[in-house]
Amino acid sequence: MAEASFTPRVFSGIQPSGGLTLGNYLGAVKRFVEMQERGVETLYCMVDLHAITVWQDPEALRRNTRQLAAFMIASGIDPERSIVFNQSQVPEHAQLGWIFNCVARMGWMKRMTQFKDKAGKNAENASLGLFGYPALMAADILIYHATHVPVGEDQKQHLELTRDIAAKFNHDYGVEFFPMTEPVIEGVATKVMSLRDGSKKMSKSDPSDMSRINMGDDADTIAQKFRKARTDPEPLPETVDGLADRAEARNLVAIYAALGDRTMEEAMAEVGGQPFAQFKPRLADLAVEKLAPISAEMTRLMDDPAQIDAILNRGAERARAIAGPILDRTYDIVGMVR
């Protein structure tokens, strides 16, 4: 059987669960903007169906969905050049998700480390949706025949599952219908770490607000958080190799490099050897310069929710124009009477 050819297409999604941080910007949305500039079709989704795998206050979910859309747009995602939408407006996601529930194996799901992390000791009380959401994630991607997905390291296992589901579907039905989607893990800050503990990912759920830069923080707060960020007593090393065993220092330099569109080597050429008392204000100034316009535009957009809703509605129409024929063909392959 000849190998199928798929049009290059990028898909990625973020849960609208509130509390947007610098990690969301550098680890995801800034990279989404860069993918948009490469001339391939890009789809970016507020995955609100995933959000409800744990309980959400309905009004908060609506607000967070609009806020996430505003964040993406304010960061440079152009709704004319990219398709921007929320997942629940495109029912093909859930429809293909059910078929993939029937393709995926229980053993595959039990190996997903994120379920173990999120469910913790209360796995028996976790929702079925939380257990099975990697199959829906596969549907999110494959309903568009997406060939590339920008993700962080923590989502790589789910991309591998997506490929397993696509391969099993293709094998079971003797087709080459779904692509083997490739993860795109690139950039100097694909995983931004806590400002208080360089071994932990920056997170909105950390009890210490000083551990993270929130996208709504003002200039003084950003400066204070970087000034008080945990470091060791030594100045920055002269080379990237010198950061190997210095997690907090490496994290701050990676943030500096990513915000300034530099490689780690270029960043170290600028700041290597500096004491933190000199480097931290420089980092804070750069962060304020880059983040303040995004925060201001997010505020403007959130003052006009009708504009955001119109963008999401139009994005959903465009998304369904791609997803509909793919779902129809999937149903035909499976044997559904249409």
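In what follows, the structure referred to is the one given above.
Within every chain, residues take consecutive numbers counted from 1 along the sequence as written. Reporting of local features is limited, given that this is a predicted model, to residues whose pLDDT is at least 70; pairs of side-chain atoms are given and counted only at 80 or more, and all residues count toward the totals for whole chains, interfaces and linings. Derived side-chain values reflect all non-hydrogen atoms in the structure, with water molecules and hydrogen atoms excluded from consideration.

Draft legend 1. The arrangement of helix α11 (residues 264-271) in detail. Inspection of α11 places Met264, Ala267, Met268 and Val271 among the buried residues, and these make up the whole buried set. All buried residues of α11 fall inside an arc of 95° around its axis, so they share one side. Across α11 from its buried face, at more than 90 degrees, point the exposed residues Glu265 and Ala269. Tucked inside the fold, the buried residues of α11 contact α10 (247-259) and α12 (276-302). In the stretch just after α11, Gly273 is the one whose phi turns positive, near 90°. Each residue is placed in one exposure class: buried if its accessible area under a 1.4 Å probe, protein chains only, is under 20% of its type's maximum, exposed if it is over 50%, and partly exposed if it falls in between. Note on conventions: DSSP H or I runs of at least 4 residues are helices, E runs of at least 2 residues are strands, and numbering of each starts at the N terminus. In this description, the arc belongs to the directions extending from the helix axis to the C-beta atoms. We call two residues in contact whenever any of their non-hydrogen atoms come within 4.5 Å of each other.

Draft legend 2. Here's a closer look at the packing of helix α4 (residues 92-103) against helix α7 (residues 128-142). The axes are straight lines fitted to the C-alpha atoms, using for helices just the contacting stretch, and the angles between their N-to-C directions are given from 0 to 180°. Axis separation between α4 and α7 bottoms out at 8 Å; the angle between their running directions is 125°. The orientation of α4 with respect to α7, classified from their angle, is oblique. Read as a crossing pair, α4 and α7 show a hand that is right-handed. Mapping the contact onto sequence places His93, Ala94, Leu96, Gly97, Phe100 and Asn101 in α4 and Gly132, Ala135, Leu136, Ala138, Ala139, Asp140 and Leu142 in α7. A class-by-class count of the residues in the contact of α4 with α7 yields eight nonpolar, four polar and one charged. Orientation categories follow fixed angle ranges, with anything under 35 degrees roughly parallel, anything over 145 roughly antiparallel, 65 to 115 roughly perpendicular, and all other angles oblique. Two helices that cross are described as forming a left-handed crossing if the nearer one is turned anticlockwise from the farther one by less than a right angle, and a right-handed crossing if clockwise. Polar here means any residue outside two lists: the nonpolar Ala, Val, Leu, Ile, Met, Phe, Trp, Tyr, Cys and Pro, and the charged Asp, Glu, Lys and Arg; Gly therefore counts as polar.

Draft legend 3. Quick peek at the layout of surface pockets. In the cavity and pocket records, a cavity denotes points on a 1 Å grid over the protein atoms alone where a 1.4 Å probe fits but cannot get out, a pocket denotes an open set with protein on both sides within 12 Å along at least 5 of 7 lines, and lining residues are residues with an atom within 4 Å of a point. Grid points are joined across faces, edges and corners, and a volume is the space filled by probe spheres set on the points. Approximately 370 Å³ is the volume found for the second largest pocket. Lining the second largest pocket are 16 residues, with Asn101, Leu128, Gly129, Gly132 and Tyr133 positioned closest to its centre.

Draft legend 4. A look at the pattern of salt bridges. The term salt bridge refers to a pairing of a side-chain nitrogen on Lys or Arg with a carboxyl oxygen on Asp or Glu at a separation within 4 Å. Evaluated as defined, the whole model comprises 20 salt bridges. For Glu297, the salt bridge identified is with Arg300, shortest N-O distance 2.8 Å. Linking Glu297 with Arg300, this pair stays in helix α12, spanning three residues, or about one helical turn. Taking relative accessible area as the criterion, Arg300 reaches 42% and is therefore assigned partly exposed. Note that Asp332 and Arg329 form a salt bridge whose closest N and O atoms lie 2.5 Å from each other. Here Asp332 pairs with Arg329, and both are found in helix α13 (residues 305-334), just three residues apart, close to one helical turn. Judged by relative accessible area, Asp332 falls into the partly exposed class, the value being 46%. Judged by relative accessible area, which is 38%, Arg329 ranks as partly exposed. Salt bridges sharing common partners tie together Asp209, Arg212, Asp217 and Lys225.

Draft legend 5. Quick peek at the pairing of strand β1 (residues 9-14). Counted residue by residue, β1 has five buried out of six residues, so it is predominantly covered. In terms of strand pairing, β1 meets strand β2 (residues 41-46) through six bridges, oriented parallel. The residue of β2 that forms the bridge with Gly13 is Cys45. By convention, a crossover is right-handed whenever its connection, traced from the first strand over the helix to the second and viewed with the strands pointing away, goes clockwise. In this fold, β1 hands off to helix α1 (residues 22-36), which returns the chain to β2; that crossover is right-handed. Between any two strands, at least two bridges found by DSSP are needed for them to pair.

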